[in-house]
Amino acid sequence: MNSYLFKLLPKLLFVLLSFFQIILVTGQTFQIKGRILDADTKEFLDGVSVTLRGTAFGEISTKGGNFMLNQVVGDKYTLALNLPGYNKFEQNLNLKEDLDLGDLYMVKFGAEGSGAALQKTIRANNITNLFNDRPNMIGGNMVYGIPPEPKKLEGNNYLDLKWNSASLLLYRDQQVLEGFRVRYNIVSNMFELMEPENNLVSVMPGLRIQNFVWVDSTYKVPRYFVNGMDFKDEGAPIAGFFEVLVDGELPLMRRTMAVFKESNYNSALMVGNRNDQIIKRNVYYYLKGQDVIEVPKGRKKIFALFGDQAEEMANYTNDNSIDLKEPSGLFQLFTYYNSKFPGFRPIMTQLLDDTDTN
């Protein structure tokens, strides 16, 4: 035998033994399977590249969109689905046992939504499934993980101080991120993303996110948000996000603003607010083309938004005693108007959180 190989043989045997010891120690292997469907047609998708990012594990979906990854060592992974003409799909996994992911839905580029504003690349059912499939996430939105606001400042800059399970669509490559819990800072336009298993928090600027949906921490229903950069206010792009309340021919949207209110406490008279405050107020808009326009205050101006159906909208408002000074009244009127057009599907059945929040 070659003397060099003879000298090298003990080292090779040591490496091989160490490798097998690592496998035995770290472990047990499991199976990951699922089926991939088109989100619109619900037809199965063959030929999808299924990989665990950063590993050699890979598969192509066949025979009805099915895939199966075998002998995967238990660990944390990111499952990635890729198919030309479709948005990328990613989902975080913590592999501790055999996983049947069930039906996974992919969305075509430019797939039609239920209207002009809302894109179907965000899927509320996937988020709801995360709640069902990961019981440890329930109640997880109560985890804070960040030091509280200073004692002399009342309120906060978050759209919702609690963590919400969310799905986010990125501008880059139309990539979808799922499996995170999220908080959104209105003032800084920054997202805080918490990984579901280890509670590590990372930060992502809002300008990278096209739209997102989260499961509301209080009502446990999906809420949809779109980036104002895709719209215009008096010809200029808008920073921040709008919640889509009613989609369709004339969408109704809401933007939550955080306003800093300085203390007005009079020590001599001992009246006023002793602390500074952050007050959150909701402003309501309608979408016309790419222009976001604030809903006017007067009844006649509101009815004029509906063009040749203005009189019908006025009659509907009067017949149903709708108060257009209340956000819930606007929601009811816009829902009725958009329901008159084919393909309308309501996003929510009633207006959530329609009062100012601190």
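Shown above is the structure to which this text applies.
Structural notes, computed from the coordinates. (Residues numbered from 1 in each chain as written. Predicted model: local features only at pLDDT ≥ 70, side-chain atom pairs only at ≥ 80, totals over all residues. Heavy atoms only, no water.)

Looking only at helices and strands, one finds 5 helices and 20 strands in the protein chain. In the protein chain, which comprises 358 residues, the proportion classed as buried is 44%. Sequence separation of at least 24 residues holds for 55% of the intrachain contacts in the protein chain that already meet a minimum separation of 6. Of the roughly 19600 Å² of accessible surface on the protein chain, 53% is carried by carbon and sulfur atoms. (Helix = DSSP H or I, 4+ residues; strand = E, 2+ residues; numbered from the N terminus. Buried < 20%, exposed > 50% of the residue type's maximum accessible area, 1.4 Å probe, protein only. Contact = heavy atoms within 4.5 Å. Areas by Shrake-Rupley, 256 points an atom, 1.4 Å probe, with all protein chains shown as cover.)

Across the sheet, which stays open at both edges, the 3 strands sit in the order β4-β1-β7 with mixed pairing between neighbours. In this open sheet, the two strands that pair with only one neighbour each are β4 (66-73) and β7 (99-106). Looking at each pair of strands side by side, their axes are set apart by 25° on average, direction ignored. The sheet contact formed by strand β1 (residues 29-38) and β7 spans 6 bridges and is parallel. Counterpart to Leu37 in the pairing with β7 is Tyr105. (Pairing = 2+ DSSP bridges. Axes fitted to C-alpha atoms, helices over the stretch in contact; angles between N-to-C directions.)

Bringing helix α4 (residues 310-319) into the picture now. Every buried residue of α4 is accounted for by Ala310, Met313, Ala314, Tyr316 and Thr317. All buried residues of α4 fall inside an arc of 160° around its axis, so they share one side. Facing away from the buried side of α4 by over 90 degrees, the exposed positions are Glu311 and Asp319. Contacts made by the buried residues of α4 are with α3 (299-304) and α5 (327-338). Residue Ser321 follows α4 closely and has a positive phi angle near 50°. (Arc of directions from axis to C-beta.)

Turning our attention to the pairing of strand β20 (residues 291-294). Bridging between strand β19 (residues 276-288) and β20 involves 4 bridges; their strand directions are antiparallel. Each residue of the ladder has a partner; that of Leu287, found in β20, is Val292. Two successive antiparallel strands, β19 and β20, enclose a turn made up of 2 residues, where Gly289 displays a positive phi of approximately 65°.

Our focus in this paragraph is the packing of α4 against α5. Their axes nearest at 11 Å, the elements α4 and α5 cross at an angle of 130°. When the axes of α4 and α5 are compared, the pair comes out oblique. Considering only the axes of α4 and α5, their crossing is right-handed. On α5, the residues touching Glu312, Met313, Tyr316 and Thr317 of α4 are Gln332, Leu333, Tyr336 and Tyr337. Within the contact of α4 with α5, the residues separate by chemical class into 5 nonpolar, 2 polar and 1 charged. (Parallel < 35°, antiparallel > 145°, perpendicular 65-115°, else oblique. Left-handed = near helix turned anticlockwise from the far one by under 90°. Nonpolar A, V, L, I, M, F, W, Y, C, P; charged D, E, K, R; others polar.)

Along the chain, the position of Glu243 falls in strand β17 (residues 241-246). Non-local contacts of Glu243, meaning those with residues more than four positions away in its chain, are made with Arg223, Tyr224, Phe225, Leu252, Met253, Arg254 and Met348.

Taken as a whole and assessed by the stated rule, the structure comprises 6 salt bridges. In this structure, the salt-bridge partner of Asp103 is Arg35, at a minimum N-O distance of 3.1 Å. On the criterion of sequence distance, the pair formed by Asp103 in strand β7 and Arg35 in strand β1 is long-range, its members being 68 residues apart. With relative accessibility at 32%, the residue Arg35 sits in the partly exposed group. Several salt bridges converge on common partners, so that one network encompasses Asp216, Arg223, Glu243 and Arg254. (Salt bridge = Lys/Arg side-chain N within 4 Å of Asp/Glu carboxyl O.)

Another aspect to go through is the environment of Arg223. Within the element layout of this structure, Arg223 appears in strand β14 (residues 222-227). Residue class for Arg223 comes out buried when judged on its relative accessible area of 7%. In this structure, the C-alpha to C-alpha distance between Arg223 and Leu245, residues 22 residues apart in sequence, is 8.2 Å. Of the polar contacts made by the side chain of Arg223, one reaches the side chain of Asp216; its length is 2.5 Å. A polar contact is formed between the side chain of Arg223 and the side chain of Glu243, at a distance of 2.9 Å. (Polar contact = N/O pair within 3.5 Å; in protein donor to acceptor, adjacent residues only side chain to side chain.)

This brings us to the environment of Gly85. For Gly85, the location among the structural elements is in the loop between β5 (76-82) and β6 (89-94). Measuring from C-alpha to C-alpha, the distance between Gly85 and Lys108 comes to 5.8 Å, with 23 residues separating the pair along the chain.

This part takes up the nonpolar core. Core analysis: the largest hydrophobic core is formed by 25 residues, its most contacted members being Leu245, Phe306 and Leu333. For this core, the elements supplying multiple residues, two or more each, are β17, β19, α3, α4 and α5. With 5 residues, α5 is the largest single contributor of residues to this core. If near-sequence neighbours (up to four positions away) are discounted, Leu245 is found in contact with Leu252, Met253, Arg254, Tyr284, Phe331, Ile347, Met348 and Leu351. Listed in part, the 21 residues of the second largest apolar core include Phe67, Tyr86, Phe89 and Leu104. (Core = buried A, V, L, I, M, F, W, Y, C linked by side-chain atoms within 4.5 Å.)

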